[in-house]
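This is what each chain is made of:
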Amino acid sequence: MAYTEEELKKELETKEYEYGFYTDIESDTLPVGLNEDIVRAISKKKNEPEWMTEWRLEAFRIWSEMVEPEWANVKYTKPDFQKISYYSAPKKKPQYDSLDEVDPELLDTFNKLGISLEEQKKLAGVAVDVVMDSVSVATTFKKTLAEKGIIFCSISEAIKEHPDLVKKYLGTVVPRTDNFYAALNSAVFSDGSFCYIPKGVRCPMELSTYFRINQAGTGQFERTLVIADKESYVSYLEGCTAPMRDENQLHAAVVELIALDDAEIKYSTVQNWFPGNKEGKGGVYNFVTKRGLCEKNSKISWTQVETGSAVTWKYPSCILKGDNSIGEFYSIAVTNNWQQADTGTKMIHLGKNTKSTIISKGISAGQSQNSYRGLVQINRRATNARNFSQCDSLLMGNKCGAHTFPYIEAKNKTAQIEHEATTSKIGEDQIFYCNQRGIDTEKAIALIVNGFSKEVLNKLPMEFAVEAQKLLEISLEGSVG
Amino acid sequence: MLKIENLHASVEDKEILKGINLEVKPGEVHAIMGPNGSGKSTLSSVIAGNEDFEITKGAIYYEGENIEELAPEERAHKGIFLSFQYPVEIPGVSVTNFMKTAINETRKARGMEEMRANEMLKQIREKAEMLDIDRKFLSRSLNEGFSGGEKKRNEIFQMAMLDPKLAILDETDSGLDIDALKIVANGVNRLKRADNAVVVITHYQRLLEYIVPDYVHVLLNGKIVKSGGKELALQLEEKGYDWIKQEHAV
Ligand SMILES: Nc1ncnc2c1ncn2[C@@H]1O[C@H](COP(=O)(O)OP(=O)(O)OP(=O)(O)O)[C@@H](O)[C@H]1O
Ligand SMILES: [Mg+2]
């Protein structure tokens, strides 16, 4: 049978596509769009075992059936998922030869944050000579951890080196079916971190310095898995206070924490993605699924300081499965200009005598919208469950908004739930009072905001807290005219 | 040090100060008295640079300079201090932290280095002791949940820490018990030097027994209608304001 002109053209197109496809595999970026072949290609590029490829494909199939959710309190143009490239090599080529070529405004911010020159170069994408210091730091760091049997590596490495652990836990806390973004992440995640603390081990350091150095190059679909075995403890710091400019608009990370019996995980985040300019253009959309599972007598604390992104959608949650387990959520979310944040937490009480604490501080300035959405669910079996929630909002000016949506579902009569909410404004009298003591308005606002956020800042590890304070200050600069 | 000439000020088009004249020289203590709503707090706010009030006429000179265009913090850096009638609460900010910020911002503006931590600590210890303030108190959130008297004592503590040239004390005595009044007044007296000045606003003669004024002024309906020595305060205590009101029938 002779081809029709039309059929011929079509086949040629596909051929061309396939051809282009394979050459691209050799190079470092995959073509835009998402289908099973792309998922396979990602897995192949990362030399993953068969089971992992299958796991991703299943996630892709689930995602294909899902519809992107509508969120009541954030408005944005939805990304076109077929126009995104789902893989590019993690090591980007340096964009600049020296710091002189970098946007001075960005450098100014780095300086205010007290970031070292070497690190500034890294963050801004400037070519760096091998920094002996940080390399050796990272190495000694790894050695100390290894002595204790702690595994701390990239998730890709873990898939190859510790397949049993990954197989056992990946997707158990955030299943692929959980939500649209989690399914997408499961199909295409490019990298992220893996951490395992063996039984009875107290991780001797905050897992931070090393991480921060490596943070600059991480991709848009990160996957993190932290497992604290019985009676172990770890404090984990994620993120970076330096403003992250990224050409990738959509970020959809998944973080899973597993605290086995009597274990404790502290997970702290400082997030400062580019929020968009003053007119609200060009910011990052950040859709994150973070969830922890608590077994018997264990504890998970989420602490977060969110100042970035144009749109943030994020609910670090705890499933309090084991009896006597404890979940905590401490959050500061700042929105300025046209930013929109919809954050909060879910505390799911399944076990007996489970306890949860939620402290949420929302600060809105400019035209921004800041929503807290929290769910406290006490299941039938969860006798004597207790929750305390406190949601405070601080408004600056008249054009921004703060919204609180607490949902409570208690199916056990013994539950004790307390909820407190306040909304306040930075008063002109407060500012004048500070002014009169020699403190200018910008500094006065920083002081008042830090005071407002203190309960949460206190939960951060010391060095992080200092950075977070400066970050709050910078995020609100120019918000009062 | 301070010279106010025919000062008129209004808020939302309502004129509150209607031609104030006042001169305060270094080393002097002035008392301003007057009925409720006569404009005493407004006058102190305007001197401190509160932008809620608009100066419509006249001028304020501080150390020979017209300060109308100066922001409140700039006036503070130059040594103007106001003890508020109603001190404001700042939740989550400790007295110590607030003081540290205020001192270092002021030093920065004066081109000085930040105060060293042990120097700061020494100062805090000294001044807290002088005013009989429990140090635990200094770790509490500024004015939050403070009793009326505690707030006033804390204002004077701040004054002691900042060591201003011109201090305006707006009803610092109200809310203080008898013992506290003595302690605070003593504190103010110990801060008194030949090169600084104090303006006390009060309703009661009692404070003036401790902080003895060189001049007493009566503010009535936005104007200083009578000035005299400390005996004027005694007269007012005895007779009230009616006789002055009659003299200046409104
Ligand atoms: N922000 C404002 N808006 C409107 N009116 C004001 C404002 N501030 C002060 N006033 C008015 O100005 C007048 C003077 O007030 P001010 O507080 O200066 O009085 P005062 O002499 O300090 O009184 P008191 O002895 O009660 O403290 C009052 O009538 C008051 O209501
Ligand atoms: Mg008054």
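Residues numbered from 1 in each chain as written. Chains lettered and ligands numbered in written order. Predicted model: local features only at pLDDT ≥ 70, side-chain atom pairs only at ≥ 80, totals over all residues. Heavy atoms only, no water.

A. Broad picture of the overall build of chain B. When helices and strands are tallied, chain B shows nine helices and 12 strands. Over its C-alpha trace chain B gives a radius of gyration of 18 Å, about what one expects of a compact globule, namely 18 Å for 250 residues. Averaging the positions of the 33 positive and the 41 negative side-chain charges in chain B gives two centres separated by 4 Å. (Helix = DSSP H or I, 4+ residues; strand = E, 2+ residues; numbered from the N terminus. Rg over C-alpha atoms; globule rule 2.2 N^0.38 Å. Lys, Arg positive; Asp, Glu negative; His and termini not counted. Charge placed at Lys NZ, Arg CZ, Asp CG, Glu CD.)

B. Region of interest: the overall build of chain A. Secondary structure assignment for chain A yields 13 helices and 18 strands. Every one of the 481 residues in chain A was classed for burial, and the buried ones make up 56%. Per element, the accessible surface of chain A, about 21300 Å² overall, is 50% carbon and sulfur. (Buried < 20%, exposed > 50% of the residue type's maximum accessible area, 1.4 Å probe, protein only. Areas by Shrake-Rupley, 256 points an atom, 1.4 Å probe, with all protein chains shown as cover.)

C. How the structure looks around the pattern of salt bridges. Residues and elements named next belong to chain A. Applying the stated criterion across every chain, the model contains 23 salt bridges over all chains. Between Glu48 and Arg56 there is a salt bridge; the shortest N-O distance is 2.8 Å. For Glu48, a relative accessible area of 11% translates into the label buried. Looking at Arg56, the relative accessible area reads 0%, which means it is buried. (Salt bridge = Lys/Arg side-chain N within 4 Å of Asp/Glu carboxyl O.)

D. Here's a closer look at the sheet that holds strand E3 (residues 29-33) of chain B. Residues and elements named next belong to chain B. The six strands are arranged E6-E9-E10-E3-E11-E12 in an open sheet whose pairing can be described as mixed. Sheet topology places strand E6 (80-83) and strand E12 (223-228) at the edges, where each strand pairs with a single neighbour. With strand direction ignored, the average angle separating the axes of adjacent strands in the sheet is 20 degrees. As defined by bridge partners, E6 adjoins strand E9 (residues 166-170) across four bridges and the pair is classed as parallel. (Pairing = 2+ DSSP bridges. Axes fitted to C-alpha atoms, helices over the stretch in contact; angles between N-to-C directions.)

E. Summary view of the coordination of the magnesium ion (ligand 2). B:Ser41 (OG) and B:Gln85 (OE1) make up the full set of protein donors to the magnesium ion (ligand 2), lying at 2.0 to 2.1 Å. On the criterion of sequence distance, the pair formed by B:Ser41 in helix H1 (residues 40-48) and B:Gln85 in the loop between E6 and strand E7 (90-94) is long-range, its members being 44 residues apart. (Donors = N, O, S within 2.8 Å, 3.2 Å for Na, K, Ca; no water.)

F. Examining the packing of helix H3 (residues 95-109) of chain B against helix H5 (residues 148-162) of chain B more closely. Residues and elements named next belong to chain B. The geometry of H3 relative to H5 is characterised by a closest axis approach of 10 Å and an angle of 35 degrees between their N-to-C directions. When you trace H3 past H5, the crossing you get is right-handed. Contacts from Val95, Phe98, Met99, Ala102, Ile103 and Thr106 in H3 reach Asn154, Phe157, Gln158, Met161 and Leu162 in H5. Class assignment of the residues belonging to the contact of H3 with H5 gives a composition of eight nonpolar, three polar and no charged. (Left-handed = near helix turned anticlockwise from the far one by under 90°. Contact = heavy atoms within 4.5 Å. Nonpolar A, V, L, I, M, F, W, Y, C, P; charged D, E, K, R; others polar.)

G. Fine view of the nonpolar core. By size, the foremost hydrophobic cluster in this structure holds 117 residues, and its most contacted members are A:Ile363, A:Val449, B:Ile4, B:Leu7, B:Ile20, B:Phe98 and B:Phe157. Examining the composition of this core, we find that eight residues originate from one element, helix H12 (residues 441-457) of chain A, more than from any other. With near-sequence residues (within four places) excluded, A:Ile363 lies in contact with A:Ile332, A:Ala333, A:Val334, A:Thr335, A:Asn370, A:Leu394, A:Met396, A:Val449, A:Phe452, A:Ser453 and A:Leu476. The next biggest cluster of nonpolar side chains, apart from the first, holds 50 residues, and it includes A:Ile42, A:Leu57, A:Val166 and A:Tyr285. (Core = buried A, V, L, I, M, F, W, Y, C linked by side-chain atoms within 4.5 Å.)

H. Structural context of the site of ligand 1. All names here are of chain B. Every one of the 15 residues lining ligand 1 counts as a neighbour, but Gly37, Lys40, Ser41, Thr42 and His203 are closest to it. The separation between an oxygen atom of ligand 1 and a polar main-chain atom of Gly37 is 2.9 Å. Considering ligand 1 on its own, with 630 Å² of exposed area, one finds that the protein chains cover 66% of that surface. Per-element accounting of the shell around ligand 1 gives the leading share, three residues, to H1. Per-class residue counts for the shell around ligand 1 are four nonpolar, eight polar and three charged. (Near = heavy atom within 4 Å. Polar contact = N/O pair within 3.5 Å; in protein donor to acceptor, adjacent residues only side chain to side chain.)

I. The environment of B:Lys223, seen in detail. All names here are of chain B. Examined against the element boundaries, Lys223 turns out to sit in strand E12. Here Lys223 falls in the partly exposed class, since its relative accessible area comes to 42%. Between the alpha carbons of Lys223 and Arg193 there is a distance of 29 Å; along the sequence they are 30 residues apart. Excluding residues within four positions of it along the chain, Lys223 makes contact with Lys18, Gly19, Ile20 and Val218.

J. The confidence of the model for chain A, seen in detail. Residues and elements named next belong to chain A. Looking at chain A as a whole, the pLDDT averages 79, with 73% of positions reaching at least 70. Ignoring residues within four places in sequence, the model shows residues 8-27, a span with pLDDT below 50, making 13 contacts including any to other chains. Segment residues 127-137: pLDDT under 50, and 10 contacts once partners within four positions in sequence are set aside and those in other chains are kept. (pLDDT = per-residue confidence, 0-100.)

K. Looking closely at the packing of aromatic side chains. Residue and element names in this part refer to chain A. A complete count under the given rule lists 11 aromatic pairs over all chains for this structure. When the ring of Tyr236 is compared with that of Tyr267, the centres are 5.1 Å apart and the planes differ by 15 degrees; the resulting orientation is stacked. Separated by 31 residues along the polypeptide, Tyr236 in strand E4 (residues 233-239) and Tyr267 in strand E7 (residues 264-271) bring together distant segments of the chain. One aromatic cluster is present, built from ring pairs that chain together Phe60, Trp63, Phe180, Tyr181 and Phe287. (Phe/Tyr/Trp six-rings, centres within 6.5 Å; stacked < 30°, edge-to-face > 60°.)

L. Just the interface of chain A and chain B, in detail. The partner chain B presents 31 residues to the 19 residues of chain A that form the contact. In terms of surface lost to chain B, no three residues of chain A exceed A:Phe432, A:Tyr433 and A:Arg437, which account for 37% of the buried area on that side. Our enumeration of links across chain A and chain B arrives at one salt bridge. Measuring nitrogen to oxygen at the nearest pair gives 2.6 Å for the salt bridge that ties B:Glu155 to A:Arg437. At the boundary of chain A with chain B, the tally comes to 10 residue pairs in polar contact (both at pLDDT 80 or more). Counting residues per element, the ones that place at least two in the side of chain A that touches chain B are helix H11 (428-436) and H12 of chain A. The residue makeup of the side of chain A that touches chain B, split by class, is seven nonpolar, six polar and six charged. (Buried area = accessible area lost by both parts, 1.4 Å probe.)

M. Representation of the sheet that holds strand E4 (residues 54-62) of chain B. All names here are of chain B. The antiparallel open sheet is built from four strands, whose spatial order is E2-E1-E4-E5. Where the open sheet ends on each side, the last strands, each with one partner, are strand E2 (14-24) and strand E5 (65-66). Across the face of the sheet, H1 comes into contact with strand E1 (2-11), E2 and E4 while running at roughly 110 degrees to E1.

N. Examining unusual backbone geometry more closely. All names here are of chain B. Despite not being glycine, Asp132 has its phi angle at roughly 55 degrees, a positive value. Positionally, Asp132 belongs in the loop between helix H4 (117-130) and strand E8 (141-142). Unusually for a residue other than glycine, Glu171 sits at a positive phi of about 50 degrees. Inspection of the secondary structure assignment puts Glu171 in the loop between E9 and helix H6 (178-191).

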